Amino acid sequence: MKKRLYLELENCIGCRSCLAACTQCGGHEERNRNYVYDVNPLVNRQTMPLMCLHCVNPACARSCPAQAIQIHETGAVLSALVEKCIGCQNCTIACPYGIPKFDTEQNLMYKCDLCIDRSKDGIPPMCASVCPTNTLQWLTDEEIEAKQKQFNLDNGKWVTSMPYLEGETNVKVNLPGILQGVTKLF
Amino acid sequence: MQANTSTTKKTESSVNDAFASHFAKSMFLSIVGLLILTFIGTRMFTHVDLNLYGYMVGTIVFIGGFFYRFIAWGERPPTKLFIKKGLKLLFRKSTPKTAVNHLAIFDFIRNRGVYRWVQHILIGWGCVLACLVTFPLVFSWMYFTMEDNGYYTIVLFGMNIMNVKADGIIAWLSYNALNIAAIMVTAGVCMALYRRLKNMQARAEQKFIYDFLPLYLLLFISITGLLLTVQNVFLHGWMQPQMSLIHQFSVIVTLIYLPFGKLAHIPFRPVSVFARNYREHYGEQHMKECKVCGDQFVSVEQSNDVIQVLGVNEIDFNMNDGFNLAELCLPCRRKYRIAKFSGFATHQVKVKEANQNANG
């Protein structure tokens, strides 16, 4: 059963468990590859995570001169292959979300690979498996559809990936509450 | 005058027209080059070592595979740009230093781990040494003659380079260069295999075909090569002809495989020197400032190149509110995305992004 990473951004409480979990994934060499941002840092405590959204047509891979960024059969856009990455940083400039990180010492780009060693076997990525508030979830397409029904406000305002992102992505994003000015019921 | 230029143009284009493709032209030129070098090296084909003709055929098949892969790779829009601009910037002052760093002592691998650096040095330099001995021997660019008893003459490209004592140190090193290379490669491959078996991170990601096969191939070559020496020295050449065929097979298979698997990073790696030159050169010229925070985050040249490359792929990031994402530095780009999600303009708040590293 193919599952996707699914983000309900407004649930985020800013605990940064996802960052800590990311460092512990095999192959991540104890460095996290995701971000948590304060939405309005001087006013309130709302935070949102920002992950690689694993574009269907990824700008990072398109701009890579070395073919170092490979796309896995699950749709995950993988981190740079260590032997191929030539350190040009095209990918960091190309990514519309500013996700890839670059290590100048190692001359190597690294980015979220959806913990491919886990997710290729259907195990949720580290971030989703530790998130205490269900901001990050690991769901099947049917479950995501059910979510859509649950939050269907009959006003065409199901806010997910497309109109707010730059292209089709494998990670689905949803924030039914904030943009629509409604409080979410659990 | 005009007629003259048009005829030169015609002849120019007709030279290229002689070839069906880029591939055919590269192939033709390299094989002609090899033939000429061999013609000179063998003193007009009088010293061809036909014992090694299998390697010769293998090398030519390898060149075919290499050009096929390399040309397909070089035709990708971003690769093409880097190769073109990299060649233009090849004669920068820093090029020798960067090249030594990236291609000879692998500083960036040392920063990934000393163990991996040692294994890479052993495998890499072992292979280079082996190639430097093997290919000149295969094409008879280098051979040995004995004019005086007890003294070998080393002949390189048809020129007598030096006379060495048959039991001297230089002669010993020449006879054993391939053994030394094999021992280096074997040690390096064993280190790499040990890491791949023990290291949990490596185990999580590796695949048999991609990560192990090249190591086993190198091991296969080294062990069969060393066995040849063992058979000669200790077994009076027992089964030596058979083993030499097996060794030849192992080398040819690896050569043919080389451009298509993990080992393809060897011929592609020089582009990392191009990339470094490109970033340094255009970084000194004109940096792009972030439209929101004003930080200089990338050279204008690289930004434009990436925009162009993405344009070829029909990707552009013009926003409804007049922004183009290429105008934002990376932290601002992330904040802008948060702003898109929340409806609040996070990127306009003049606060540095919070610590994004989980190490506190």
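Note that the structure is predicted; figures quoted are calculated from it, not measured.

*Asks:* Provide a residue-level description of the interface of chain B and chain A, including the pertinent values.
*Replies:* Interface size is commonly expressed as the accessible area that is lost once the parts come together. Facing 55 residues of chain B, the contacting portion of chain A comprises 64 residues. Summed over both sides, the interface of chain B with chain A buries roughly 5,300 Å², with 57% coming from carbon and sulfur. Across the salt bridge formed by A:E29 and B:R116, the nearest N and O atoms sit 3.6 Å from each other. Taken together, the elements giving at least two residues each to the side of chain B that touches chain A come down to α3 (53-74), α4 (77-88), α9 (200-205), α13 (270-285), α14 (300-312) and α15 (330-342) of chain B. Tallying contributions element by element places α15(B) first for the side of chain B that touches chain A, with 10 residues.

*Asks:* Residues and numbers for the sheet that holds strand β6 (residues 136-140) of chain A, please.
*Replies:* Strand pairs in the sheet, formed through backbone hydrogen bonds, run parallel or antiparallel to each other. Residues and elements named next belong to chain A. Taken in spatial order, the three strands of this open sheet run β6-β1-β7, and their pairing is mixed. The outermost strands of the open sheet, each flanked by one partner alone, are β6 and β7 (172-174). The mean inter-strand angle of the sheet, taken between neighbouring strand axes irrespective of direction, is 30 degrees. Here strand β1 (residues 3-8) runs beside β7; their pairing, made up of three bridges, is parallel. Bridge pairing in β7 places Y6 opposite K172. Packed on one face of the sheet, helix α6 (residues 141-150) meets β1, β6 and β7 and runs near 115 degrees to β6.

*Asks:* Can you tell me about the nonpolar core, naming the residues and giving the values?
*Replies:* Counting residues in each nonpolar core, the largest one holds 34 residues, and the members touching the most others are A:L5, A:L7 and A:L136. For this core, the elements supplying multiple residues, two or more each, are β1, α1 (17-23), β2 (35-38), β3 (47-50), α5 (126-130) and β6 of chain A together with α15 of chain B. Per element, the largest residue contribution to this core is three residues, and it comes from β2(A). Those residues within four positions of A:L136 in sequence are excluded, and the remaining contacts are A:L5, A:Y6, A:L7, A:C18, A:P49, A:M51, A:C127, A:A128 and A:C131. Counting residues in each nonpolar core, the second largest holds 26 residues, with A:A61, A:C64, A:I86 and B:F268 among its members.

*Asks:* Hey, could you go over α4(B) for me, with residue numbers and the actual values?
*Replies:* The end-to-end C-alpha distance of α4(B) is 17 Å, a good match for the 16 Å that 12 residues give at a rise of 1.5 Å each. Every buried residue of α4(B) is listed here: B:P78, B:T79, B:L81, B:F82, B:I83, B:K85 and B:G86. Each element contacted by the buried residues of α4(B) is listed here: α2 (59-63) and α3 (90-94) of chain A together with α3, α13 and α14 of chain B.

*Asks:* So what's going on with the packing of α3(B) against helix α11 (residues 240-257) of chain B? Which residues, and what values?
*Replies:* Residues and elements named next belong to chain B. Two elements in contact, α3 and α11, have axes separated by 9 Å at closest approach and are oriented at 10 degrees. Put simply, α3 runs roughly parallel to α11. Only S244, H247, Q248, V251, I252, L255 and I256 of α11 make contact with α3, whose side of the interface consists of G54, Y55, G58, T59, V61 and F62. Here the residues of the contact of α3 with α11 sort into seven nonpolar, six polar and no charged.

Parameters and conventions
Residues numbered from 1 in each chain as written. Chains lettered and ligands numbered in written order. Predicted model: local features only at pLDDT ≥ 70, side-chain atom pairs only at ≥ 80, totals over all residues. Heavy atoms only, no water. Contact = heavy atoms within 4.5 Å. Buried area = accessible area lost by both parts, 1.4 Å probe. Salt bridge = Lys/Arg side-chain N within 4 Å of Asp/Glu carboxyl O. Helix = DSSP H or I, 4+ residues; strand = E, 2+ residues; numbered from the N terminus. Pairing = 2+ DSSP bridges. Axes fitted to C-alpha atoms, helices over the stretch in contact; angles between N-to-C directions. Core = buried A, V, L, I, M, F, W, Y, C linked by side-chain atoms within 4.5 Å. Buried < 20%, exposed > 50% of the residue type's maximum accessible area, 1.4 Å probe, protein only. Expected span 1.5 Å × (residues − 1). Parallel < 35°, antiparallel > 145°, perpendicular 65-115°, else oblique. Nonpolar A, V, L, I, M, F, W, Y, C, P; charged D, E, K, R; others polar.

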